[in-house]
Amino acid sequence: MMESELKASLLSPLLIKAYRYPLMQKQPMQQLLKVIFLLTEGGCYRSATLRKILKTYNNVELGAYSYGFIPDLMNPFIFPAGVTIGRYVSIAQNVCVFLQNHPIERLSTHPYFYAPSLGYVQENTLPPSTSLEIGHDAWIGHGALITPGCNRIGIGAVVGAGAIVTKDVPDFAIVAGNPAKLIRKRFSDEVGEIILKSKWWEKSIDELKPYIKDMLLAVNEQPFQHSLLLSQA
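Residues numbered from 1 in each chain as written. Predicted model: local features only at pLDDT ≥ 70, side-chain atom pairs only at ≥ 80, totals over all residues. Heavy atoms only, no water.

Visitor: Can you help me understand the overall build of the protein in this one?
Guide: From N to C terminus, the protein includes 7 helices and 12 strands. Along the first, second and third principal axes, the C-alpha atoms of the protein reach 65 × 45 × 25 Å. Considering only intrachain contacts with a sequence separation of at least 6, the fraction spanning at least 24 residues in the protein is 39%. Summed over its atoms, the accessible surface of the protein is roughly 13,200 Å², and 59% of this surface lies on carbon and sulfur atoms. Across the protein, the mean location of the 22 positive side-chain charges is 6 Å away from that of the 19 negative side-chain charges. (Helix = DSSP H or I, 4+ residues; strand = E, 2+ residues; numbered from the N terminus. Contact = heavy atoms within 4.5 Å. Areas by Shrake-Rupley, 256 points an atom, 1.4 Å probe, with all protein chains shown as cover. Lys, Arg positive; Asp, Glu negative; His and termini not counted. Charge placed at Lys NZ, Arg CZ, Asp CG, Glu CD.)

Visitor: Looking at this structure, I do not really get the packing of aromatic side chains. What am I missing?
Guide: Where two aromatic rings form a pair, the distance of their centres and the angle of their planes describe that pair. This model, assessed by the stated rule, comprises 7 aromatic pairs. Seen from their ring centres, tyrosine 45 and tyrosine 67 are 5.0 Å apart, and the 40° between their planes marks the pair as tilted. Here tyrosine 45 is found in the loop between α2 (27–40) and α3 (48–58), whereas its partner tyrosine 67 is found in the loop between β1 (61–62) and α4 (70–73), with 22 residues between them in sequence. Overall, tyrosine 67 belongs to the partly exposed group, its relative accessible area being 30%. When the ring of tyrosine 112 is compared with that of tyrosine 120, the centres are 5.0 Å apart and the planes differ by 70°; the resulting orientation is edge-to-face. (Phe/Tyr/Trp six-rings, centres within 6.5 Å; stacked < 30°, edge-to-face > 60°. Buried < 20%, exposed > 50% of the residue type's maximum accessible area, 1.4 Å probe, protein only.)

Visitor: Honestly, the sheet that holds strand β2 (residues 83–85) in this entry has me stumped. Any pointers?
Guide: Paired through backbone hydrogen bonds, the strands of a sheet run either parallel or antiparallel to each other. As summarised here, the arrangement of the 4 strands in space is β1-β2-β5-β8, forming an open sheet in which the pairing is parallel. Each edge of the sheet is formed by a strand with only one pairing partner; in this case those strands are β1 and β8 (152–153). The pairing of β1 with β2 spans 2 bridges and is classified as parallel. By the bridge assignment, glutamate 61 is partnered in β2 with threonine 84. (Pairing = 2+ DSSP bridges.)

Visitor: Would you explain the sheet that holds strand β11 (residues 173–176) in this entry?
Guide: Spatially, the 5 strands line up as an open sheet ordered β3-β6-β9-β11-β12, and their pairing is mixed. For this open sheet the edge positions go to β3 (90–91) and β12 (181–185), each flanked by a neighbour on one side alone.

Visitor: What is the right way to read the pattern of salt bridges from this model?
Guide: Close approach of charged atoms allows side chains of opposite charge to pair. The full count for this structure, using the stated rule, is 6 salt bridges. Among the ionic pairs, arginine 106 bridges to glutamate 105, the shortest N-O distance being 4.0 Å. Across the pair aspartate 171 and arginine 152 runs a salt bridge, and its minimum N-O distance is 2.9 Å. Placement of aspartate 171 in the loop between β10 (164–165) and β11 and of arginine 152 in strand β8 is noted, with a sequence separation of 19 residues between them. (Salt bridge = Lys/Arg side-chain N within 4 Å of Asp/Glu carboxyl O.)

Visitor: Can you help me understand a nonpolar patch on the surface in this one?
Guide: Together, Tyr112, Phe113, Leu118 and Tyr120 make up a nonpolar patch on the protein surface, roughly 450 Å² of accessible area in all. The exposure class assigned to tyrosine 120 is exposed, which follows from its relative accessible area of 61%. (Patch = residues over 30% accessible without salt bridge, like charges linked within 9 Å, V, L, I, M, F, W, Y side chains within 5 Å.)

Visitor: Help me understand α3 in this model?
Guide: In an α-helix there are 3.6 residues to a turn, and that puts residues three or four apart on one side. Within the span of α3, buried status applies to Thr49, Leu50, Arg51, Ile53, Leu54 and Asn58. Of the surrounding secondary structure, the elements contacted by the buried residues of α3 are α1 (12–18), α2, β1 and α4. Of the residues flanking the start of α3, the one acting as N-cap is serine 47, its side-chain oxygen 3.5 Å from the backbone nitrogen of threonine 49. The first or second residue beyond α3 is asparagine 59, which carries a positive phi of 55°. (Polar contact = N/O pair within 3.5 Å; in protein donor to acceptor, adjacent residues only side chain to side chain.)

Visitor: Teacher, can you tell me more about the pairing of β12 here?
Guide: Looking down a regular strand, the side chains alternate between one sheet face and the other. Within β12, only 0 of the 5 residues are buried, which leaves it mostly out in the open. As paired strands, β11 and β12 are joined by 4 bridges and run antiparallel to one another. Pairing of isoleucine 174 across the sheet is with arginine 184, part of β12. Count of turn residues in the β11/β12 antiparallel hairpin: 4 residues, of which glycine 177 carries a positive phi of about 100°.

Visitor: Explain the environment of leucine 11 here, please?
Guide: Among the secondary structure elements, leucine 11 is positioned in the segment before α1. Distance in space between the C-alpha atoms of leucine 11 and isoleucine 183 is 45 Å, their sequence separation being 172 residues.

Visitor: What's the story with the nonpolar core in this structure? I'm lost.
Guide: Note that soluble globular proteins tend to have their nonpolar side chains buried in a common cluster. Formed by 42 residues in total, the largest nonpolar core has its most connected members in Phe79, Val83, Ile85, Leu132, Ile134, Ile140 and Ile153. If you list the elements that add at least two residues to this core, you get α1, α2, α3, α4, β2, β5 (132–134) and β11. Aside from chain neighbours lying at most four places away, what touches isoleucine 140 is Ser90, Ile91, Ala92, Val95, Ile134, Ile146, Ile153 and Val159. Among the nonpolar cores identified, the runner-up in size contains 16 residues, and Leu6, Phe187, Ile194 and Leu208 belong to it. (Core = buried A, V, L, I, M, F, W, Y, C linked by side-chain atoms within 4.5 Å.)

Structural data, given as structure tokens:
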């Protein structure tokens, strides 16, 4: 991630240190942080402070230009440790990620029998949490729920609003429903491979500015007509 892609305000070091205190993690304070990020750091899209807080305290990585509802992103119960979010990702409100299930193979699924904080077991007896990679330019719709069965949402994939995702989502796939099923692919496999080879998402938004007109065009079955894909011919 290039330094110039992100913005840090003069308050950034103070906010990062202060966030370790529980008061700063309450929703009203997160709303205040949202205002600070919006006014001084280009919002969720370019805030270096938000990304540093997510990595330091939540072990969540958020790529440049990716965005979502800030109190959701900063809530470790919604985006737990082990989530990696690529660049240019769009995340709607009320998305929820689960990286661990209750132990359904045991006699009881109750946390009394796996959570040491409740005082009946000495250590966490659940298997290690899984991880989740959300690929570049993916779009996660409102209220989508991602379960431990899904470890990867592909590059350019679309997860419909309210979908319950129980398995990996391929690159450029559109999935929806409960459980989420493939609706269609955004592009043919051939066009998808061309787009993957281009790695356009590695460019900064300033580098993409000369291509804005092409970014507004549909990518049809002649993708080499798109200026960002010409080098793949």
